[in-house]
Amino acid sequence: MTRAEEKEKRRQEIIEKSIELFVRRGYYGTTVADIAKEVGMSTGLLFHYFESKEKLYEEIIRFGLEATKSVMKLDKSEPIEFFTEVADFILNSVKILPFSAKMFVLMMQAAANEAVSPEIKNILAQLDDIEQSVEIIIRGQQNGTIKEGDPFALSVSYWCAITGIMQQLAVSPDIPVPKAEWIVDILRR
């Protein structure tokens, strides 16, 4: 392994352990010393990877936003297929990367935290999966694949089901992961 690869691996370890700590203790309950101890390095060395706890947190929030944006780029031409692929992708991600469930929790905590920095608030303001899904739901209602009802409320139901499942998986990672179709049935006509 090259030095650059080793540094990137260590950086990823810091991010994953930080997510774990931020979820369990909250942003303000987690110190840089806690993170350094969790990854087995000195506080000083941690600052070679991230200049501050806030910058580390900000990077994690940006990562969560980019993951959300990448999911929303899936093919939207067939609405019910889109929602199936999204649910399948998210639920399978937790099997491959268990910390992804904790990412959902962290993003929800950050969104609910009035004390986050203006920069993080700006990043979180870009989370618009519920709003983006409304138009897709309307198209699905028009083509007869998605049930009638308020498109915004249907979008909220779908995304909250996924978020709730991910929150439960973050707390109890050994429980079975539900099937994507079960979540999509919230929308299916």
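In this convention, every chain numbers its residues from 1, walking through the sequence in written order. Where local features are concerned, this predicted model is filtered to residues with pLDDT of at least 70; where side-chain atom pairs are given and counted, the filter is 80 or more; whole-chain, interface and lining totals use all residues. Side-chain metrics in this entry use all non-hydrogen atoms of the structure; hydrogen atoms and water are not considered.

A.B. asks: Sorry if this is basic, but what is going on with the overall build of the protein chain here?
C.D. replies: When you go through the protein chain residue by residue, the secondary structure sums to 10 helices and 0 strands. Projected onto its principal axes, the C-alpha coordinates of the protein chain cover approximately 60 × 35 × 30 Å. In what follows, residue pairs with any heavy atoms lying within 4.5 Å of each other are defined as contacts. Taking the contacts inside the protein chain whose residues are at least 6 apart along the sequence as the reference set, 68% of them involve residues at least 24 apart. Methods summary: accessible areas were calculated by the Shrake-Rupley approach with a probe of 1.4 Å, and residue burial reflects only the protein chains presented. Of the roughly 10,300 Å² of accessible surface on the protein chain, 54% is carried by carbon and sulfur atoms. Counting from the N terminus, the helices are DSSP H or I runs at least four residues long and the strands are E runs at least two residues long.

A.B. asks: So what exactly am I meant to see when it comes to the packing of helix α4 (residues 53-71) against helix α6 (residues 99-112) here?
C.D. replies: Packed helices, taken two at a time, are described by the angle their axes make and the gap between the axes. To obtain an axis, a line is fitted to C-alpha atoms, over the contacting stretch when the element is a helix, and the angle between two such axes runs from 0 to 180 degrees between their N-to-C directions. Packing of α4 against α6 leaves a shortest axis separation of 10 Å and a crossing angle of 110°. With respect to α6, the element α4 is oriented roughly perpendicular. When α4 is examined against α6, the residues Tyr57, Ile60, Ile61, Phe63, Gly64 and Leu65 are found in contact with a partner set consisting of Phe99, Met103, Leu106, Met107 and Ala110. Should an angle lie under 35 degrees it is considered roughly parallel, over 145 roughly antiparallel, and from 65 to 115 roughly perpendicular; all remaining angles are considered oblique.

A.B. asks: Please explain the pattern of salt bridges as it appears in this structure.
C.D. replies: Where charged atoms from two side chains of opposite charge come close, those side chains can pair. The working definition used for a salt bridge is a side-chain nitrogen of Lys or Arg within 4 Å of a carboxyl oxygen of Asp or Glu. Inspection of every chain in the model, using the stated rule, returns 11 salt bridges. Glu58 serves as the salt-bridge partner of Arg62, at 3.2 Å between the closest nitrogen and oxygen. A residue pair is termed a helical-turn pair when its members lie 3 or 4 positions apart in one helix, as Arg62 and Glu58 do in helix α4 at 4 residues. Only protein chains enter the area calculation, which uses a 1.4 Å probe; residues under 20% of their type maximum are buried, those over 50% are exposed, and those in between are partly exposed. Exposure remark for Glu58: the relative accessible area of 7% places this residue in the buried category. The residue Glu135 makes a salt bridge to Arg139 at a minimum N-O spacing of 4.0 Å. Taken as a pair, Glu135 and Arg139 lie in helix α8 (residues 129-143) at a separation of 4 residues, close to a single helical turn. A single salt-bridge network, built from bridges that share partners, covers Lys55, Glu58, Arg62 and Glu119.

A.B. asks: Just to check I follow, could you spell out the packing of aromatic side chains for this structure?
C.D. replies: What describes a pair of aromatic rings is the distance from one ring centre to the other and the angle between the planes of the rings. The aromatic pairing rule takes the rings of Phe, Tyr and Trp, using the six-membered ring of Trp, and pairs them if the centres are within 6.5 Å, calling planes under 30 degrees apart stacked, those over 60 edge-to-face and the rest tilted. Scanning the model with the defined rule gives 8 aromatic pairs in all. Considering the side-chain rings of Tyr27 and Tyr28, the 4.9 Å spacing of their centres and the 90° angle between planes classify their relative orientation as edge-to-face. For Tyr27, a relative accessible area of 14% translates into the label buried. Summarising the aromatic geometry, the rings of Phe83 and Tyr158 are spaced 4.9 Å apart at their centres and angled 70° between planes, so their arrangement reads as edge-to-face. Highlighted residues: Phe83 in helix α5 (residues 79-96) and Tyr158 in helix α9 (residues 151-171), separated in sequence by 75 residues.

A.B. asks: Would you explain a negative patch on the surface in this entry?
C.D. replies: Patches here are clusters of residues that have more than 30% relative accessible area and form no salt bridge, with a 9 Å joining cutoff for like charges and a 5 Å cutoff for nonpolar side chains (Val, Leu, Ile, Met, Phe, Trp, Tyr). For the purpose of counting charges, residues Lys and Arg are taken to be positive, whereas Asp and Glu are taken to be negative. His and the chain ends are not included. Charge positions come from single atoms, namely NZ of Lys, CZ of Arg, CG of Asp or CD of Glu. A cluster of like negative charges, contributed by Asp75, Glu78, Glu81, Glu85, Asp88 and Glu181, occupies part of the molecular surface. Turning to its location among the elements, Asp75 is positioned in the loop between α4 and α5.

A.B. asks: Honestly, the packing of α5 against α8 in this entry has me stumped. Any pointers?
C.D. replies: It is the contact of α5 with α8, at a shortest axis distance of 8 Å, that shows an interaxial angle of 135°. Regarding the angle of α5 to α8, the classification is oblique. Touching Pro79, Phe82 and Phe83 of α5 are Ser133, Ile136, Ile137, Arg139, Gly140 and Asn143, all from α8. A class-by-class count of the residues in the contact of α5 with α8 yields 5 nonpolar, 3 polar and 1 charged. We call Asp, Glu, Lys and Arg charged. Ala, Val, Leu, Ile, Met, Phe, Trp, Tyr, Cys and Pro are nonpolar, and the rest, Gly among them, are polar.

Limitation: the analysis is restricted to geometry and does not speak to function.
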